[in-house]
Amino acid sequence: MTEKYTPSPTLLSALEELDAARERVQQLQRAVYDAVADDLRANPELTNADVAGHEKIPYTQETVRKIAREYDIPRKRKPTVRAIKPKKRAAGRVDG
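These numbers were taken from a predicted model, which means no experiment stands behind them. (Residues numbered from 1 in each chain as written. Predicted model: local features only at pLDDT ≥ 70, side-chain atom pairs only at ≥ 80, totals over all residues. Heavy atoms only, no water.)

With that out of the way, let us pick up the packing of aromatic side chains. Taken as a whole and judged by the stated rule, the model has one aromatic pair. Seen from their ring centres, tyrosine 33 and tyrosine 59 are 5.8 Å apart, and the 75 degrees between their planes marks the pair as edge-to-face. Pair noted here: tyrosine 33 is in helix 1 (residues 9-42) and tyrosine 59 is in the loop between helix 2 (48-53) and helix 3 (61-70), with a separation of 26 residues, a long-range link. On the accessibility criterion, tyrosine 33 (18% relative accessible area) is buried. (Phe/Tyr/Trp six-rings, centres within 6.5 Å; stacked < 30°, edge-to-face > 60°. Helix = DSSP H or I, 4+ residues; strand = E, 2+ residues; numbered from the N terminus. Buried < 20%, exposed > 50% of the residue type's maximum accessible area, 1.4 Å probe, protein only.)

Moving on to the side chain of asparagine 48. For asparagine 48, the position within the fold is in helix 2. Given a relative accessible area of 18%, asparagine 48 falls into the buried group. If we skip the residues at most four places from it in the chain, asparagine 48 touches Leu40, Gln61, Val64, Arg65 and Ala68. (Contact = heavy atoms within 4.5 Å.)

Among the nonpolar cores identified, the biggest contains 13 residues, and Val36, Leu40, Val51, Val64, Ile67, Tyr71 and Ile73 are the most heavily contacted of them. Contributing elements (two or more residues each) for this core: helix 1, helix 2 and helix 3. Per element, the largest residue contribution to this core is four residues, and it comes from helix 1. (Core = buried A, V, L, I, M, F, W, Y, C linked by side-chain atoms within 4.5 Å.)

Turning our attention to helix 1. The first and last C-alpha atoms of helix 1 sit 49 Å apart over 34 residues, in line with the 50 Å expected at 1.5 Å per residue. Every buried residue belonging to helix 1 is among Tyr33, Val36, Ala37 and Leu40, and all of these are buried. Lining the buried residues of helix 1 we find helix 2 and helix 3. (Expected span 1.5 Å × (residues − 1).)

The next subject is the pattern of salt bridges. Counting across every chain of the model gives four salt bridges. When the shortest N-O distance is used, the salt bridge between glutamate 70 and arginine 30 registers 2.6 Å. Of this pair, glutamate 70 sits in helix 3 while arginine 30 sits in helix 1, placing them 40 residues apart in sequence. Given the relative accessible area of 36%, arginine 30 is considered partly exposed. A salt bridge links glutamate 62 to arginine 65, with the nearest nitrogen and oxygen atoms 2.3 Å apart. Of this pair, glutamate 62 and arginine 65 both sit in helix 3, three residues apart, roughly one helical turn. Exposure remark for glutamate 62: the relative accessible area of 38% places this residue in the partly exposed category. (Salt bridge = Lys/Arg side-chain N within 4 Å of Asp/Glu carboxyl O.)

What follows is the structure, given as structure tokens:
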């Protein structure tokens, strides 16, 4: 029978550091999302495309849209899609 493997203290330490770094990255990501949402709220004329189009912003327009939705930021324009179902017309009605 072989001995059960025990990770070295160096490996355990490195794994702890990796977990701490991942948690820090998540905190920083949340801070960036907060800042994107704050910018969208503070500038009503600013669109998701404007934010995503900036050279220093690493997000697509879709990601910025998801951030805006998550933070309940109202849309800048009305939806362009209309209902598929046509309005019912009254029988015998003549338009004209």
